[in-house]
Amino acid sequence: MDTAAITAPATGKTAYHVRKGAHGGLVDITGFNLWYGAAQALFDINMSVEGGMVTALIGPSGCGKSTLIRCLNRMNDLIDGLTTTGQITLDGADIYGSKVDVIALRKRMGMVFQKPNPFPMSVYDNVVYPLKVDGVTNRTDLDEACEKALRGAALWAEAKDRLKDSALGLSGGQQQRLCIARAICAEPEVLLMDEPCSALDPIATSKIEELIDGLRGQYTIVIVTHNMQQAARVSQNTAFMLLGRLIEYGDTEQVFTAPQMTQTQDYVTGRFG
């Protein structure tokens, strides 16, 4: 992995930010700032998210992890009084450009939330919902897409005989995998996951982690997690955030075993957070 040294103004020390690696930098964030009204929540974020890799965002509660990930598909646009400066690009195109179709952007970036949120409809209809919204009506196409997405989410074996049943009858872990199937059914380029395991038990969490590993390479995955062990298990790159600032970003093993910044060292060793 190619890395670039930058100087952290507050400390004068060096942090490392991932540049485009072998898979290319699908998402690039440059000088990005965000305000909720007069309150600034993100400060000068600079990072390249490697294509085909899993990037974890870690840090204590309120550090800006979820705010940042929701900037990638512009979900924060729904909040009154929000303003931003800087740039975020997807495949080189500015996603905050004046001519951007936000709905089309969100189709390119699947989103999985903290708590499973299946729709009150059948398993089948949940999975193919994005395609039906896009106007796909051919039953064969929908059937094939449903099976492919459920297999991709490691849920086909458990759900193939329950496709007509309500999705609300699935277990919590199954519901979350169903939401992943729904997110990947439309074949997005990027999969955003905002603490996808926080409401799950250890067994369900393990299945989700195995699934994330299986999806690596097919999608660029950005995951917010409060669980540092999970970040170490599933990601190739890790970004540590604190008080709305990106403190350190680089190879996951390096961030956890040989961090360059004192704040990162203190966090990963449990001295705070």
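Reading the values: rules and limits
- Residues numbered from 1 in each chain as written.
- Predicted model: local features only at pLDDT ≥ 70, side-chain atom pairs only at ≥ 80, totals over all residues.
- Heavy atoms only, no water.
- Helix = DSSP H or I, 4+ residues; strand = E, 2+ residues; numbered from the N terminus.
- Rg over C-alpha atoms; globule rule 2.2 N^0.38 Å.
- Buried < 20%, exposed > 50% of the residue type's maximum accessible area, 1.4 Å probe, protein only.
- Contact = heavy atoms within 4.5 Å.
- Lys, Arg positive; Asp, Glu negative; His and termini not counted.
- Charge placed at Lys NZ, Arg CZ, Asp CG, Glu CD.
- Pairing = 2+ DSSP bridges.
- Phe/Tyr/Trp six-rings, centres within 6.5 Å; stacked < 30°, edge-to-face > 60°.

Caption draft 1: A look at the overall build of the chain. A tally of regular secondary structure across the chain gives 10 helices and 12 strands. For 273 residues, the compact-globule estimate of 2.2 N^0.38 gives 19 Å, and the chain sits close to it at 19 Å. For the chain, the spread of C-alpha atoms along the three principal axes comes to 60 × 45 × 35 Å. When the 273 residues of the chain are sorted by exposure, 51% land in the buried category. Intrachain contacts of the chain at a sequence separation of at least 6 include 68% that bridge at least 24 residues. Taken together, the 25 basic and 30 acidic charged side chains of the chain have centroids lying 3 Å from each other.

Caption draft 2: How the structure looks around the pairing of strand β8 (residues 109-112). Side-chain alternation along β8 places Met109 and Met111 on one buried face and Gly110 and Val112 on a second face that is also buried. Direction of pairing for β8 relative to strand β9 (residues 190-194): parallel, over a ladder of 4 bridges. Counted as the bridge partner of Val112 is Met193 from β9.

Caption draft 3: Looking closely at unusual backbone geometry. One non-glycine residue, Asp44, lies in positive phi territory at about 45°. When you line up the elements, Asp44 lands in strand β4 (residues 39-50).

Caption draft 4: The packing of aromatic side chains, seen in detail. In the structure shown here, the tally under the stated rule is 3 aromatic pairs. When the ring of Phe32 is compared with that of Tyr96, the centres are 5.6 Å apart and the planes differ by 45°; the resulting orientation is tilted. Residue Phe32 is found in strand β3 (residues 25-36), and its partner Tyr96 is found in the loop between β7 (93-94) and α2 (102-108); the two are separated by 64 residues along the sequence. Just as Phe32 is buried, Tyr96 falls in that class too.

Caption draft 5: Focus on the environment of Ala204. In this structure, Ala204 sits in helix α7 (residues 202-215). Taking relative accessible area as the criterion, Ala204 reaches 12% and is therefore assigned buried. Between the C-alpha atom of Ala204 and that of Gln176, which follows or precedes it by 28 residues, the distance is 9.0 Å.

Caption draft 6: Up close: the environment of Ala181. Mapping Ala181 onto the fold places it in helix α6 (residues 172-185). Accessibility expressed as a relative area gives 0% for Ala181, which makes it buried. A sequence separation of 40 residues divides Ala181 from Asp141, and the C-alpha atoms of the two residues are 16 Å apart.

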